[in-house]
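# Summary of structural features
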Amino acid sequence: MMRNVQRVNQNASRPILDSKQLAVVNAKNKRLIVEAPAGFGKTSTMISMISYWVESGMLPHYKKILCLSFSVSAATRMKDSITEHFAEQFTQKSPMHQIIVTNFHGFCRMVLRKYGHLIGIQNIEKTDTVDINSVKISMNGNRKTIDLMLDLESDIKSGKLSVKGLMSRSSTYVSGIMSLFIPRNQITYDGIIIMVLHLFQQFPTIRSDYQHIFYSLCVDEFQDTNILGWSLIQILLCDSSRFIAFGDQMQQIYRFQGALPNLIDQLIEKEYSYIRLETNYRFASNPDMLAMDSALRKYKDAPGHYSAELRIPIQLIFGNTVSDEGTEIISNIHKIQKDNPKATFAILVGSRSFSTDKLIRIFQNEFDTMDATFNTEDEEFVAFQSECLTLFESTFQKLPLIRQRIASFLSKVEESILPGSNIESYMKLLKGLLMYTVEKVSVHSRREHVVSVLEAGALRRSLSEVDSEITVSTIHGAKGLEWDYVFIANFEQLEFPAYPEMQKLNIKPWSEKIQVTNDNEEAVKEILNKLYVAFSRAKQQVYFAYAGERFNKTGKSNKANLSVLASLPFLKKTFV
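### Observations concerning the packing of helix α5 (residues 104-115) against helix α11 (residues 227-236)
Two elements in contact, α5 and α11, have axes whose closest approach is 11 Å; the angle formed by their N-to-C orientations is 55 degrees. Of the possible angle classes, the one that applies to α5 and α11 is oblique. Between α5 and α11 the crossing geometry is left-handed. Residues Phe104, Phe107 and Cys108 of α5 form the contact with α11, whose own contacting residues are Gly229, Leu232, Ile233 and Leu236. Among the residues making up the contact of α5 with α11, the classes are represented as six nonpolar, one polar and no charged.

Shown next, in the form of structure tokens:
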């Protein structure tokens, strides 16, 4: 068996897997959780595992593998990696027809496309995805139903619903979809999954067909799974199918979107098998980054009882003013570019603020800058994606999406969209999405790919496709992406951590360290997750930049203090 696995990986980027990766590939367990931190070879492991199932004959020719992910972009990256590997590995007949790679909503759209007519959804392709709040004014006579639907969506986002609780309350939501939305050729984003759960309940034979067609369910970004995704997984599993989940509890920063807290730990307690990848390939040649990755994890395991074994230097950049901070960051970027002209750069911030806006203006005067600090829930961005979706579907209803048509479509969008503060950034993302689609997605799947991204409100995930000298993004917006060099800017109290985070941590603007108690331990773990995600976006080096001033909500300059996170017990402050 070991010989077969190594043969499968002869042409992979890392020909020989380490012992933990091989343990995943060789695992016989029907239910397996794989803890896969950033840079630990998750993609290689997943591809090798699937490849082994195919080459060893474990995957019957009449079965399929379903690979699911939290986001459209993660699913696309996964599909690209698997497709590229099999194109090299199987020169005759590729097994890709047995592998379905999509996100949760993409899979549910596939189900509704085939069986939606059984529950009154005649054509999901011509059904617009809408937000309840955007249409509730026109449904005044049905306020009670709308309020109940909104209550359920709110509870889904809270992460506190159980599968049983969701299913017991979904009937009212289903009724609302069928009576208020479907007659208008509309459906809600949550409704896409809820209607599939309803379909499987109403038609057990269809559910059984799906359960038995899949040899295995492989889920990526498992730590971000909400109750809708988990309910779908539960209903698709049967005794004969495998379930392999890849995730990292330390990268869970989407609690505010309903990610189920501690789901990985709960399943391990329920006797799911567990393997943790242990080799950090990303930071293998950088001892300080490697040590910081390890220390962050150890500290999170027991923040109130951590004993620092060593002090790891962090690279600090200081400016007396925000302008000085920006100038220092620019100077450091230029130094790096002299030695590495092809290096990629990101400036990450905890949130959009007056200080962030000032930094962006400074960077824009020096570099071609992608400003990605907007919120994905901003009305302007939601409306932009909705308008793009309408225009795209009408433009490419019969025409294929090809490179020669991109420029004219972008012009059409610019003519149709009202001016806004972030339109330039949105247009860069749209261009990135379209260019990626024509370069990477097969012609017959291009329309579906673009529609799925815009419907999911996931255009921001095309950030990696934007061609710019530097990217400025929030930490949440950067998750799943990576750059050679990352500057974590505004590394000050009230910025990172922000005021609401400081309240949960029970610290003041002048606090020099965090006192961990039973009351704030969960908040400490959440801010560590955020710090870890920011830090691990860097492939080569991370810098922490701060200023002696910050701007409040009214734009007034106030004295600022270095973030309390710089005083974590395992860190040693060093200045660049």
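Structure shown, so let's carry the discussion forward.
### Details of the sheet that holds strand β13 (residues 483-488)
Taken together, the seven strands give an open sheet; going across it, the order is β11-β12-β10-β13-β14-β9-β17, and neighbouring strands pair in parallel fashion. Of all the strands in the sheet, just β11 (369-372) and β17 (571-575) have a single pairing partner and so form its edges. Shown here is a sheet whose adjacent strand axes are inclined to one another by a mean of 30 degrees, direction ignored. On the sheet, helix α22 (residues 521-535) packs against β10 (345-349), β13 and β14 (538-547) and is oriented at approximately 120 degrees with respect to β14.

### Regarding unusual backbone geometry
Peptide bonds are mostly trans, and most non-glycine residues show a negative phi. Put simply, phenylalanine 496 and proline 497 share a cis peptide bond, and its omega is 10 degrees. Position of proline 497 among the secondary structure elements: in the loop between β13 and α21 (499-505). Although it is not a glycine, glutamate 221 sits at a positive phi angle of roughly 55 degrees. Position of glutamate 221 among the secondary structure elements: in the loop between β6 (214-220) and α11. The buried category is assigned to glutamate 221, whose relative accessible area is 6%. In this structure, asparagine 506 is a non-glycine residue whose phi angle is positive, near 60 degrees. With respect to the element layout, asparagine 506 can be found in the loop between α21 and α22.

### Digging into the pairing of strand β12 (residues 470-474)
Taking burial as the measure, the five residues of β12 include five buried ones, the bulk of the element. Where burial is concerned, the two faces of β12 agree: the one with Ile470, Val472 and Thr474 and the one with Thr471 and Ser473 are both buried. Direction of pairing for β10 relative to β12: parallel, over a ladder of five bridges. Within β12, the position partnered with valine 349 by the bridge is threonine 474. Bridging between β11 and β12 involves four bridges; their strand directions are parallel.

### Brief notes about the side chain of serine 462
Tracing the backbone through its elements, the reader meets serine 462 in the loop between α19 (443-455) and β12. Dropping the residues within four chain positions of it, serine 462 is found in contact with Leu429 and Leu433.

### Details of the pairing of β6
Within β6, seven of the seven residues are buried, which leaves the element mostly enclosed by the surrounding structure. Looking at chain direction, strand β2 (residues 64-69) and β6 are connected through six bridges and run parallel. Bridging across to β6, leucine 68 finds its partner in valine 219. The pairing of β6 with strand β7 (residues 242-247) spans four bridges and is classified as parallel. Across the sheet, serine 216 pairs through a bridge with arginine 242, a residue of β7.

### Structural notes on the pattern of salt bridges
Scanning all chains against the criterion turns up 20 salt bridges. Put simply, arginine 282 and glutamate 482 hold a salt bridge, and the shortest N to O gap is 2.6 Å. In this pair, arginine 282 sits in the loop between β8 (273-276) and α13 (287-301) while glutamate 482 sits in the loop between α20 (475-478) and β13, placing the two residues 200 residues apart along the sequence. Its salt-bridge partner being aspartate 371, residue arginine 352 comes within 3.5 Å of it at the nearest N-O pair. Of this pair, arginine 352 sits in the loop between β10 and α15 (354-364) while aspartate 371 sits in strand β11, placing them 19 residues apart in sequence. Accessibility expressed as a relative area gives 36% for arginine 352, which makes it partly exposed. Counted as one network, the salt bridges with shared partners bring together Glu35, Asp248, Arg276, Asp293 and Arg297.

### Digging into the side chain of threonine 45
Within the secondary structure, threonine 45 sits in helix α3 (residues 42-55). Apart from residues lying up to four places away in sequence, threonine 45 is in contact with Gln21, Val24, Val25, Phe246 and Leu277.

### Describing the state of the cysteines
Disulfides are covalent bonds that connect the sulfur atoms of two cysteines. Under the counting rule described, the total for this entry stands at zero disulfides. This cysteine, cysteine 67, is not joined by any disulfide, and cysteine 218 carries the nearest cysteine sulfur, 4.6 Å off. On the basis of relative accessibility, which here comes to 0%, the residue cysteine 67 falls in the buried class. With no disulfide partner, cysteine 238 has as its closest neighbouring cysteine sulfur the one in cysteine 218, 14 Å distant.

### Focus on the environment of glutamate 424
Mapped onto the secondary structure, glutamate 424 falls in helix α18 (residues 423-440). Through-space distance from the C-alpha of glutamate 424 to that of leucine 316 is 32 Å; in sequence the pair is 108 residues apart.

Here is what the cut-offs are and how they apply
- Residues numbered from 1 in each chain as written.
- Predicted model: local features only at pLDDT ≥ 70, side-chain atom pairs only at ≥ 80, totals over all residues.
- Heavy atoms only, no water.
- Axes fitted to C-alpha atoms, helices over the stretch in contact; angles between N-to-C directions.
- Helix = DSSP H or I, 4+ residues; strand = E, 2+ residues; numbered from the N terminus.
- Parallel < 35°, antiparallel > 145°, perpendicular 65-115°, else oblique.
- Left-handed = near helix turned anticlockwise from the far one by under 90°.
- Contact = heavy atoms within 4.5 Å.
- Nonpolar A, V, L, I, M, F, W, Y, C, P; charged D, E, K, R; others polar.
- Pairing = 2+ DSSP bridges.
- Buried < 20%, exposed > 50% of the residue type's maximum accessible area, 1.4 Å probe, protein only.
- Salt bridge = Lys/Arg side-chain N within 4 Å of Asp/Glu carboxyl O.
- Disulfide = S-S within 2.5 Å.

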